[in-house]
Amino acid sequence: MFGDYSLGDLGAIFAMQGFAGLILFSVYVLMALGLAIIFGQMGVINMAHGEFMILGAYVTWMTSSFFQAYLPSLFSGYFFVAMILAFIASGSLGMLVEWGLIRFLYKRPLDTLLATWGLSLILQQAYRSIFGAREVGVELPQWMMGSKQVTDTIEVPINGIFVMCLTVIITIVVAWIMFKSRWGKQVRAVVQNRVMAGAVGINTEKVDRYTFALGCGIAGIAGSAFTMIGSTGPTSGQLYIVDTFLVVVFGGAASLFGTIASAFTISQAQSTMEFFMSGSMAKVLTLLTIVAILMIRPQGLFALKVRK
Amino acid sequence: MSDEQKTGLHSPLRRKLLMGMAALPAMSMLPRTSFAQAPATAAVNTTGLAVTDTEVTVGILHSVTGTMAISETGSVQAEKLAIEQINAMGGVLGRKIKFIQEDGASDWPTFAEKAKKLLVNDKVAAIMGCWTSASRKAVLPVMEQYNGMLYYPTFYEGLEQSKNVIYTGQEATQQILAGLDWVSKTKNGKSFYLIGSDYIWPRTSMKIARKHIEGKLGGKVSGEEYFPLGHTQFNSVINKIKLTKPDVIYAAVVGGSNVAFYKQLKAAGIDLSKQTMLTISVTEDEIDGIGGENIAGAYACMKYFQSLDNPNNKEFVAAFKKMWGEKTVIGDVTQAAYLGPWLWKMTVEKAGSFDIDKIAAASAGIEFTKAPEGYVKIHPNHHLWSKARVGQAQLDGQFKVVYETPELIEPDPFPKGYQ
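Thresholds applied
- Residues numbered from 1 in each chain as written.
- Chains lettered and ligands numbered in written order.
- Predicted model: local features only at pLDDT ≥ 70, side-chain atom pairs only at ≥ 80, totals over all residues.
- Heavy atoms only, no water.
- Contact = heavy atoms within 4.5 Å.
- Buried area = accessible area lost by both parts, 1.4 Å probe.
- Polar contact = N/O pair within 3.5 Å; in protein donor to acceptor, adjacent residues only side chain to side chain.
- Nonpolar A, V, L, I, M, F, W, Y, C, P; charged D, E, K, R; others polar.
- Axes fitted to C-alpha atoms, helices over the stretch in contact; angles between N-to-C directions.
- Helix = DSSP H or I, 4+ residues; strand = E, 2+ residues; numbered from the N terminus.
- Left-handed = near helix turned anticlockwise from the far one by under 90°.
- Salt bridge = Lys/Arg side-chain N within 4 Å of Asp/Glu carboxyl O.
- Buried < 20%, exposed > 50% of the residue type's maximum accessible area, 1.4 Å probe, protein only.

Trainee: Honestly, the interface of chain B and chain A in this entry has me stumped. Any pointers?
Mentor: A common way to state how big an interface is: give the accessible area lost once the parts meet. Each partner contributes to the interface: chain B provides 43 residues, whereas chain A provides 42 residues. Of the roughly 3400 Å² buried between chain B and chain A on both sides combined, carbon and sulfur atoms contribute 53%. Across the chain B-chain A interface, the total number found is seven residue pairs in polar contact (both at pLDDT 80 or more). Residues belonging to the side of chain B that touches chain A are distributed by class as follows: 13 nonpolar, 20 polar and 10 charged.

Below, the structure written as structure tokens:
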């Protein structure tokens, strides 16, 4: 297995695979962060998470088409506008969904699974009706394509670096919101004791709505970022949902730190194994390992200590 | 475009045609079969198919949802176009074609179930459908058990022949071997990296390709990889490709995964105008999603490209765009799907019957001179004689034809030494 490669090659392999793993890690964190907020803080199982991502991707596509047609001189910067619009679009839809659907189901968390699954089917059909069954091609500005040569054998893709930076920024912002801001404290208060939080004057309904919207908005940004590496079609969201839940559950549902740690573990394992065996085999082994670990630790890698 | 819109586009057109025919008795002066001359139903349908004095029902069975929708949408459009055109000419044996469309949803058991529904409940006279080999393999036993007729449009791995299937796409020798011969000769390809999606067609194709590369061409295979359908992370395999530096990347990645694959290749700095890439799974349809700038320079081996320069094709492309919109593109399989209803019509008229057994027997030797790809003919083994062509992907999403085999290639689904 190692025999065919020289020592220098092996060094490059591990460097490049490590980097590929880091990109995968960023992708997983982007996918899972929004879900972890909604699932961890509100107990809502959002099966439509993938469709919120794809909404972000479609918004990005529309923005790129708009810039191409009307503002070609500003095309190189359209991506930043697209990400903001994607956040707003997915966040607003999230708010609407919370108001029209989710808030009636807080006492029945398992029903949220069915309701949001139905929602995901409805959204898929809506995308198909609006944008067509075929995938759309999102054009990237020139500076985001290509790769950076580090050494003779090591090259890193620029959009990979972009996704990584984006992930770092979003993670820091989310962590700040959740742990430092006044609103984040309200969210955590509501999670710990809804009645008490209401009694001290926190508008719990409003907190729920904005938490859900934030989670969906982050999904929108993730979708926007994924147009760089993946496909955008009505059912593309389905490709991500299993991996996303895997990351969140493996990390321990309520813990943001757990989500990040689990994304890192899964992505590095997957990326390293992919190099030495086939892609399908690596995926199977990753899944088996996760199943085994979850049998030993059903609460996931990091679980909040709560009094039961 | 949604299904509602599609039927919306359809019905006014059809209504207009019917009204036109009723208003103009002079139409029967034209060399068309009119209702009055249509043979009696009892004579042309002895097995209880859905054929009436004025109508014959066929099934369209493709995925309009799931990961294969990106590819199969075009086939559905082409089949509907062909049916529309045949109806405008007076139908088949004087009967209008009516179709029932079912969604296989990119799920093979669903395909089998829907095929059974079409044959048993709807008694359709033929089914135009399937794309992946996996879906065809699921449908095949149903077709044989209930004696149906399937017009299957996709290029595929071969190693199959059935009385109940007409293969309107190319089999392995008409695509894989011709393409490999070309790339090894003109691009001096000696080492090949094989990459594909993980199901029957890519795996069998790669097996055939490997035999040909190692046996006939004296080259070597420097890597072989498969990824699950819908996979979107190709960074690892791209790293391997960079390290092994193959002369040719030989790809059979299907559906939406293609978008991720070519975007990531481009992002990783693999320039397809320098690195030779030959794909057997990317048509104009997929480029629509991939984006021309991500794939420009790559070669594809197909039998049909939208850019083919011949009068038949110009007419076909114009009619297709008129029906489905200026922005639609036509890929290899879309054209092969278009052949299905036409070949069926000609076979039925040659047999003078809708009966499946008679059609199966009459199929051999059917010629279609108006085929957009040029000229095709059904071989007794139920595959088509056709040419193989190599096109290079351009920035605008079209292919430039750089090579075509001088002669029609005889279909050989069971090539000796490749099984």
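Trainee: What is the right way to read the packing of helix α4 (residues 108–121) of chain B against helix α5 (residues 133–145) of chain B from this model?
Mentor: A pair of packed helices is characterised by two quantities: the angle between their axes and the separation of those axes. Residue and element names in this part refer to chain B. As a packed pair, α4 and α5 sit with axes 8 Å apart at the nearest point and diverge in direction by 35°. Viewed along their axes, α4 and α5 form a crossing whose handedness is right-handed. Residues Trp108, Phe111, Ala112, Ala115, Lys116 and Leu119 of α4 lie in contact with α5, whose contacting residues are Ala134, Ser135, Ala138, Val139, Val142 and Met143. Tallied by class, the residues present in the contact of α4 with α5 amount to 10 nonpolar, one polar and one charged.

Trainee: Is there a simple way to think about the pattern of salt bridges in this case?
Mentor: Two side chains bearing opposite charge may form a pair once their charged atoms approach each other closely. Residues and elements named next belong to chain B. Across all of its chains, the model carries 23 salt bridges over all chains by this definition. Residues Asp357 and Lys163 are paired through a salt bridge, measuring 3.0 Å at the closest nitrogen-oxygen approach. Taken together, the positions of Asp357 in helix α14 (residues 356–362) and Lys163 in the loop between β4 (150–152) and β5 (165–167) put the pair 194 residues apart, joining distant regions of the chain.

Trainee: So what exactly am I meant to see when it comes to unusual backbone geometry here?
Mentor: In terms of backbone geometry, most residues other than glycine have negative phi values and most peptide bonds are trans. All names here are of chain B. Of note in this structure, Ala105 is not a glycine but carries a positive phi near 55°. When you line up the elements, Ala105 lands in the loop between β2 (96–103) and α4. Here Lys245, not a glycine, exhibits a phi torsion of approximately 45°, which is positive. Mapping Lys245 onto the fold places it in the loop between α8 (235–244) and β8 (248–252). The exposure class assigned to Lys245 is exposed, which follows from its relative accessible area of 59%.

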